[in-house]
Structures are given as C-alpha cells and as structure tokens.
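The lines below spell out each chain.
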Amino acid sequence: MDRREDTAAGWARRWIGELPIVAIAAALLALCTAILAANGIGLNANPILANARLFGFAVVAVASVDAVIHLARHRPAEPIAALHRRYAGPEALRRWLAGMPMLALCVMLIPFFSKMKAAIPLFADYTWDGTFIAWDRALFFGHDAWQVLQPALGYPLVTAALAFLYHAWFLLLYLGCLYFAFARIDSMVRRQFFLTYVLAWSVIGGGFATLLASVGPCFVGPLLGDATFDAQMAYLRAADAQVPVMTLDVQQMLLDWHRSDANGLGSGITAMPSMHVAIVFLFWLALRRAASRAGRWMLAFAAVIWIGSVHLAYHYAVDGIVSAVLVALLWRASGMVFAWWDARTGNARFQPALRTNTVPAE
C-alpha cells in the first residue's frame, strides 16, 4: 500500500477507487444467491467460516515468517515492542483497515463459487467433453494431449512432483490475495487484479463452466461411461503405487462429493474452463507489473500448471487455453472500468506511480 493511503483521506481515496469491485461483486453474489434460491438451494455460513479460518492461518503464517526475517535483519533492542509496532501499531492498523474490504471479498468469493460449481448439473448436462476431446486432437495432430506429453512426463517421480505443484496452486488463493490486498503496489494493478479475480471466478468459473459443461478426462469414465482416458488413469494409478500422486485422492473425493450432492468449500466438478490456469495466469498478468522478478517465476508456474492439468487428467489442453484468453479479456475490461471510474470521480490524480520493485509494507 502506498504511504499516501496511511491517512483518513488516503483510506477514502482507496475505498472510493475500489467501489466498482465491491459493487460488481455484490451484484454477482446477489445474482448467485437468487439463482440458487430459485432452485431450492439455501446458503449457510459454514463454508465462509471455513474459508475465513484458512485466511486466518495464512495471515499467521505470513506474519510469522515476516517477524523472523524482520528480527534477523534489524535486531531491535526490544523485539516484542518492535513486533507490536510492526503489526499492531498505528500505521499497521491503518494498513489492515485499508485492505480489509478486499480481504472480506476474498473470504466470501470462493464459498459462493463452490456452491455454484456444485449446482452446474441443475442448469446443464455434461455434453461438451466429446467436443473438447476433438479440439485437443485437432491441436495435437490426432493425439490426445496427454499422449503427446507422456514421453517426457511419464515417470512416477515427475508425475508426483507435478501433482504437488498442482496442489501448491491453492497457496495463491490465500498468500497471493493477502499480498495484493496489503502490499505497497500500484493502485491500478491492485484494483485490476481484484476486479478480474471476481470476474474470473463468477464469469469464467460460473457462467462459462455452465455453458460449456464438461467433466474432464479423469471423470469421463466414471460419470459418462467413456473409456477414452482409461489408459491415462491406469498410468496415474500405477505411478501412485510407486510414488504418491496427491491428485488421485482429490479426484476420488470430488467424485464422492458429486455423487452425494455435496456442495461445500471446494466441491463441484467442471473442466472447461480451467480455473487453475485462469487464476495463475491472472497472477502473472498482475505480478509482471507489480513485481517483475516474481512475474517471471509466475509465468513459469503458469506453464507448469497448464501442463500438469493435462498430465494429471484434470483438464483437456484447450481448457487452459480458453481460460487464459478469457482472463486476458477480463483484465483489459477491468482496466477500462477503472480508467472510466477514475475519470468520473477525479481519483486518478491521487493514484501512485507504478513501482516494479514492490516489497511488503515495512
């Protein structure tokens, strides 16, 4: 957060600048609530509370690591007092207060998405898998994408490593969002990130996932009776017998939840578009402007996630490609929204200059 936001006037400017995010998110959440209610699905607070606890653990983890680094770097004469100033002093409290609206938004967003994702079968049948299989084969000269990757990736240790990294993606939802809510970064980048984040989960993960309803390679067998990817699943199970492949247990859990009509945090089955690819691509778009070195690493991580999504049988290759294109469009649209908003409110003149050597607030 820019130091100019460390005043009441600064909070007001930041909150005014972020109003389009809050308004659009509120409208989308209200729409989701109405759609679910019309189909007899009620909401409960348990998934939101569970997500809040996860964010709480993330805050404690980040603060703990930061405290160790801060004490080692500065070696204050009174460590407890120094940590109190850093995390609970007046400036720290102002930083917490300024970032709370975006943090609250993130706490609310994923539970709503999970609810909508689990409800997709109410609105659409899973009829698109055959089309996406054909698209993949058109891209890979008649082969399924996993078959093209298999000579390079078809080793149990490689598969297990990709499964671990695929799960590590979830850290972006917590540590990554905390960074964009509270770090000193350019205001436009922060706002573009959060508005695109909201739209990605709702428009891509909700709307397009329903319009293009598909289950993905790992589920076409048990849910659709399609044996196309039986060989891929047989390889993954054989690899798991040698080195644990974490994703197989999650896939079975999602299948069990689907069959029991569970709709808690993280539930639901959908392949197109890939939210793993969508979110990591969004982080790359934002980090390349907020922290260029981290952005380069994020681009590499995005490539690993896309490849892993195919190799681990979660997604068709086209799922990730479509996701990246849609996120890029939403990112551009978000920038246009804030250019218009700043011009209307006069907020543009208060926005800090872009900084690419961003570090968390001291």
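My aim in this report is to walk through the structure given alongside it, one point at a time. What you see is a predicted model; the values in this text were computed from it and never measured.

1. Side note on the overall build of the protein chain
At step 1: A tally of helices and strands in the protein chain yields 16 helices and zero strands.
At step 2: For 362 residues, the compact-globule formula gives about 21 Å, and the C-alpha radius of gyration of the protein chain, at 22 Å, lands near that figure.
At step 3: Its C-alpha atoms give the protein chain principal-axis dimensions of about 60 × 50 × 40 Å.
At step 4: Here the protein chain holds 362 residues, and the buried ones make up 49% of them.
At step 5: Once local pairs closer than 6 in sequence are excluded, the contacts in the protein chain between residues at least 24 apart make up 84%.
At step 6: A total accessible area of about 16600 Å² is found for the protein chain, and carbon and sulfur atoms account for 69% of it.
At step 7: Here the protein chain carries 27 positive and 21 negative side-chain charges, and the mean point of each set is 13 Å from the other.

2. A few points about the packing of helix α10 (residues 187-211) against helix α14 (residues 275-290)
How two helices sit against one another is set out by the angle between their axes and by the gap between those axes.
At step 1: Two elements in contact, α10 and α14, have axes whose closest approach is 10 Å; the angle formed by their N-to-C orientations is 170 degrees. Taken together, α10 and α14 sit at an angle that is classed as roughly antiparallel. Residue-level contacts link Met188, Val189, Gln192, Phe193, Thr196, Tyr197, Ala200, Trp201, Ile204 and Gly205 of α10 to Met275, Ile279, Leu282, Phe283, Ala286, Arg289 and Ala290 of α14.
At step 2: Along the lines of polarity and charge, the residues of the contact of α10 with α14 split into 13 nonpolar, three polar and one charged.

3. A few points about the nonpolar core
At step 1: Trp169, Phe180, Phe193, Tyr197, Trp201 and Ile279 are the most contacted members of the largest nonpolar core, which totals 93 residues.
At step 2: It is α14 that contributes the most residues to this core, 13 residues altogether.
At step 3: Counting seven residues, the second largest nonpolar core, distinct from the first, contains Leu29, Leu36, Phe112 and Met116.

4. Things to note about the pattern of salt bridges
Close approach of charged atoms allows side chains of opposite charge to pair.
At step 1: In this structure the tally under the stated criterion is six salt bridges.
At step 2: We note a salt bridge from Asp66 to Arg86, for which the minimum N-O separation is 2.7 Å. With Asp66 in helix α2 (residues 46-74) and Arg86 in helix α3 (residues 79-88), the pair connects residues that are 20 residues apart, well separated along the chain.
At step 3: Salt bridges sharing common partners tie together Glu91, Arg95 and Arg184.

5. Overview of α3
At step 1: Listed in full, the buried residues belonging to α3 are Ala82, Leu83 and Arg86. Along α3, the residues classed as buried sweep out an arc of 95 degrees about the axis, all on the same side. For α3, the exposed residues set more than 90 degrees away from the buried face come down to Ile80 and Arg85.
At step 2: Looking at the packing, one finds that the buried side of α3 touches α2 and α4 (90-118).

6. Some thoughts on the packing of aromatic side chains
At step 1: Using the criterion set out here, one finds 18 aromatic pairs in the structure.
At step 2: With 5.0 Å between their ring centres and 65 degrees between their planes, Trp96 and Phe182 make a pair best called edge-to-face. Of this pair, Trp96 sits in helix α4 while Phe182 sits in helix α9 (residues 170-182), placing them 86 residues apart in sequence.
At step 3: Judged by relative accessible area, Trp96 falls into the partly exposed class, the value being 28%.
At step 4: Ring geometry for Phe193 and Phe283: centres 5.0 Å apart, planes at 65 degrees, overall edge-to-face.

Thresholds, definitions, all that
- Residues numbered from 1 in each chain as written.
- Predicted model: local features only at pLDDT ≥ 70, side-chain atom pairs only at ≥ 80, totals over all residues.
- Heavy atoms only, no water.
- Helix = DSSP H or I, 4+ residues; strand = E, 2+ residues; numbered from the N terminus.
- Rg over C-alpha atoms; globule rule 2.2 N^0.38 Å.
- Buried < 20%, exposed > 50% of the residue type's maximum accessible area, 1.4 Å probe, protein only.
- Contact = heavy atoms within 4.5 Å.
- Areas by Shrake-Rupley, 256 points an atom, 1.4 Å probe, with all protein chains shown as cover.
- Lys, Arg positive; Asp, Glu negative; His and termini not counted.
- Charge placed at Lys NZ, Arg CZ, Asp CG, Glu CD.
- Axes fitted to C-alpha atoms, helices over the stretch in contact; angles between N-to-C directions.
- Parallel < 35°, antiparallel > 145°, perpendicular 65-115°, else oblique.
- Nonpolar A, V, L, I, M, F, W, Y, C, P; charged D, E, K, R; others polar.
- Core = buried A, V, L, I, M, F, W, Y, C linked by side-chain atoms within 4.5 Å.
- Salt bridge = Lys/Arg side-chain N within 4 Å of Asp/Glu carboxyl O.
- Arc of directions from axis to C-beta.
- Phe/Tyr/Trp six-rings, centres within 6.5 Å; stacked < 30°, edge-to-face > 60°.

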